[in-house]
Amino acid sequence: NAGVMQNPRHLVRRRGQEARLRCSPMKGHSHVYWYRQLPEEGLKFMVYLQKENIIDESGMPKERFSAEFPKEGPSILRIQQVVRGDSAAYFCASSQGASEKLFFGSGTQLSVL
Amino acid sequence: EDQVTQSPEALRLQEGESSSLNCSYTVSGLRGLFWYRQDPGKGPEFLFTLYSAGEEKEKERLKATLTKKESFLHITAPKPEDSATYLCAVQADDYKLSFGAGTTVTVRA
């Protein structure tokens, strides 16, 4: 049973470009969470999704950031017009139920030049 | 807003030197307190979930305990492979996990 799969592992973008981060949850998991981690800081919650629904996006910036978890395919975190401050490690996690433990992927390291 | 504070920020131990990590929290309606281990360049790896004050969980050299205001992660006779960042997180009624900044443990042989 494969774990949470994130790709790409490393993503380099120039300022103003778009970044698309993909996350395939563990088999049987329908709850997906996205977190951002800056160096020397803890994981910061961004968004919580279930299939085709955004449950909680309170941690996501109102502009340039969006997330989706379609009926078929991986969850996507999209960052438009990236700026240097978006450089961070982005982690996806999945769970079987709302109050179950989260399993994390290996993350995508986004670098904005 | 949920708050999670971990101390110390960093801990350097000699192999075999037992110690404890602290996680103090403020949350409305605690559903669970989670401990994770994170190695450099990797995602957090689940260790324990604690649900109520007085509960204890053990796994190899690690033991987690919970009170109404804090949790402790005890490392008994650590080995170099226990070197990692240990993260504490709380889950409230909104189901998302709120993480502390972590404690980075380095165990020297």
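Treat the numbers as computed from the prediction; the structure is a model and nothing was measured.

### Section: the sheet that holds strand β8 (residues 70–75) of chain B
All names here are of chain B.
So, point 1. Spatial ordering of the open sheet is given by β1-β3-β8-β7-β6, a layout of five strands whose pairing is antiparallel. Edge strands, defined here as strands with exactly one partner in the open sheet, are β1 (3–7) and β6 (56–59). Here the average twist between neighbouring strands, direction ignored, is 15 degrees.
So, point 2. Direction of pairing for strand β3 (residues 19–26) relative to β8: antiparallel, over a ladder of six bridges. By the bridge assignment for β8, Ser19 is matched with Ile75.

### Digging into the pairing of β3 of chain B
For a regular strand, side-chain orientation follows a simple rule: the groups alternate between the two sheet faces.
So, point 1. Pairing of β1 of chain B with β3 of chain B, which is carried by five bridges, proceeds in the antiparallel orientation. Within β3 of chain B, the residue paired with Val4 of chain B across the bridge is Tyr25 of chain B.

### Some thoughts on the state of the cysteines
Formally, a disulfide is one covalent bond, and it connects the sulfur atom of one cysteine to the sulfur atom of another.
Residues and elements named next belong to chain A.
So, point 1. Using the criterion set out here, one finds two disulfides over all chains in the structure.
So, point 2. Each sulfur in the disulfide pair Cys23 and Cys92 lies 1.8 Å from the other. Classification of the bridge connecting Cys23 and Cys92 rests on its S-S torsion, roughly -55 degrees, and on that basis the disulfide is left-handed. With Cys23 in strand β3 (residues 19–24) and Cys92 in strand β9 (residues 88–95), this pair connects stretches of sequence that are 69 residues apart.

### Notes on the pairing of strand β11 (residues 108–112) of chain A
Residues and elements named next belong to chain A.
So, point 1. Only one face of β11 is covered, namely the face carrying Thr108, Leu110 and Val112; the face carrying Gln109 and Ser111 is uncovered.
So, point 2. Pairing analysis gives four bridges linking strand β2 (residues 10–13) to β11, with the strands arranged parallel. Within β11, the residue paired with Arg13 across the bridge is Val112.
So, point 3. In the sheet, β9 pairs with β11 via three bridges, with the strands oriented antiparallel. Paired with Tyr90 across the strands is Thr108, a residue of β11.

### Remarks on the side chain of Asp56 of chain A
So, point 1. One can find Asp56 of chain A in strand β6 (residues 53–56).
So, point 2. Under the relative-accessibility criterion, Asp56 of chain A is labelled buried at 13%.
So, point 3. Engagement of the side chain of Asp56 of chain A in a polar contact is seen with the side chain of Lys96 of chain B, the distance being 3.3 Å.
So, point 4. Among all residues touching Asp56 of chain A, those that are not within four sequence positions of it are Phe45, Met46, Val47 and Tyr48 of chain A together with Asp94 and Lys96 of chain B.

### Considerations on the packing of aromatic side chains
To describe a pair of aromatic rings, you give the distance between the ring centres and the angle between the ring planes.
So, point 1. Enumeration according to the criterion identifies eight aromatic pairs over all chains in this entry.
So, point 2. Seen in terms of ring centroids, Tyr35 of chain A and Phe104 of chain A are 5.8 Å apart; in terms of plane orientation they differ by 55 degrees. Their pairing is tilted. Remark: Phe104 of chain A occurs in strand β10 (residues 103–104) and Tyr35 of chain A occurs in strand β4 (residues 31–37); sequence separation between them is 69 residues. This pair shows no difference in class: Tyr35 of chain A is buried, exactly as Phe104 of chain A is.
So, point 3. Clustering of aromatic rings is evident, with ring pairs tying together Tyr35, Phe45 and Phe104 of chain A together with Tyr36, Phe46 and Phe99 of chain B.

Rules behind the numbers
- Residues numbered from 1 in each chain as written.
- Chains lettered and ligands numbered in written order.
- Predicted model: local features only at pLDDT ≥ 70, side-chain atom pairs only at ≥ 80, totals over all residues.
- Heavy atoms only, no water.
- Pairing = 2+ DSSP bridges.
- Helix = DSSP H or I, 4+ residues; strand = E, 2+ residues; numbered from the N terminus.
- Axes fitted to C-alpha atoms, helices over the stretch in contact; angles between N-to-C directions.
- Disulfide = S-S within 2.5 Å.
- Buried < 20%, exposed > 50% of the residue type's maximum accessible area, 1.4 Å probe, protein only.
- Polar contact = N/O pair within 3.5 Å; in protein donor to acceptor, adjacent residues only side chain to side chain.
- Contact = heavy atoms within 4.5 Å.
- Phe/Tyr/Trp six-rings, centres within 6.5 Å; stacked < 30°, edge-to-face > 60°.

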